[in-house]
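# Structural overview for review
Spelled out, the chains give:
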Amino acid sequence: SNGGVLKSVVKIFCTDVRPNFALPWQMEQQVSSFSSGFIISGNRIITNAHSVSWHNVVRVRKHGDSRKFVATVEHVAHECDLAVLRVEDPQFWSGLEPLELGSLP
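Note that the structure is predicted; figures quoted are calculated from it, not measured. (Residues numbered from 1 in each chain as written. Predicted model: local features only at pLDDT ≥ 70, side-chain atom pairs only at ≥ 80, totals over all residues. Heavy atoms only, no water.)

## Brief notes about the pairing of strand β1 (residues 9-16)
The test is simple: Burial classes: relative accessible area under 20% of the type maximum marks a residue as buried, over 50% as exposed, and values in between as partly exposed (1.4 Å probe, protein chains only). Per the convention used, a helix needs a DSSP run of H or I reaching at least four residues, while a strand needs a run of E reaching at least two, with both numbered from the N terminus. When DSSP finds two or more bridges between two strands, those strands count as paired.
Most of β1 is tucked away: six of the eight residues are buried. Relative to strand β2 (residues 31-40), β1 is paired through eight bridges, and the arrangement is antiparallel. Bridge pairing in β2 links Val10 to Gly37.

## Section: the pairing of strand β5 (residues 69-77)
Examined bridge by bridge, strand β4 (residues 55-62) and β5 share three bridges and lie antiparallel to one another. Note on β5: the bridge partner recorded for Val58 is Ala71. Between the end of β4 and the start of β5, which pair antiparallel, lie six residues, with Gly64 showing a positive phi angle near 80°. Summarising the sheet, β5 and strand β6 (residues 82-86) pair through five bridges and their orientation is antiparallel. Residue pairing in the sheet places Thr72 in a bridge with Arg86 of β6. The loop that links β5 with its antiparallel partner β6 comprises four residues; one of these, Asp81, has a positive phi angle of about 55°.

## Some remarks on the nonpolar core
Spelled out, the test is: What makes a nonpolar core is a set of buried Ala, Val, Leu, Ile, Met, Phe, Trp, Tyr and Cys residues whose side-chain atoms join them at distances within 4.5 Å.
Within the largest apolar cluster, 17 residues are counted, with the highest numbers of intra-cluster contacts made by Ile45, Val58, Val60, Leu85, Val87 and Phe92. Breaking this core down by element, the ones donating at least two residues are β1, β4, β5, β6 and α2 (90-93).

This is the structure we're talking about:
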């Protein structure tokens, strides 16, 4: 069943403003996007780096919950397209289960 996995997967909402490289004194229009991520140990979330690259505001939502919680981008690694997020609000972590990462081949 997917019940166990749904306790580890979150939806990520990102509002970003990218720089305008043709006109460096201006920014592009604000854009909203969404992606997914999963819970790992240490109360962290892993997602794709490209989904939070130019982040302005990042919020996350648990499955079955309408509330969105503010997240902080801790690390971005474009080389492997991974980012690590953190949510300070302890209410967010209630009922979530971290996924175990396997060993390297």
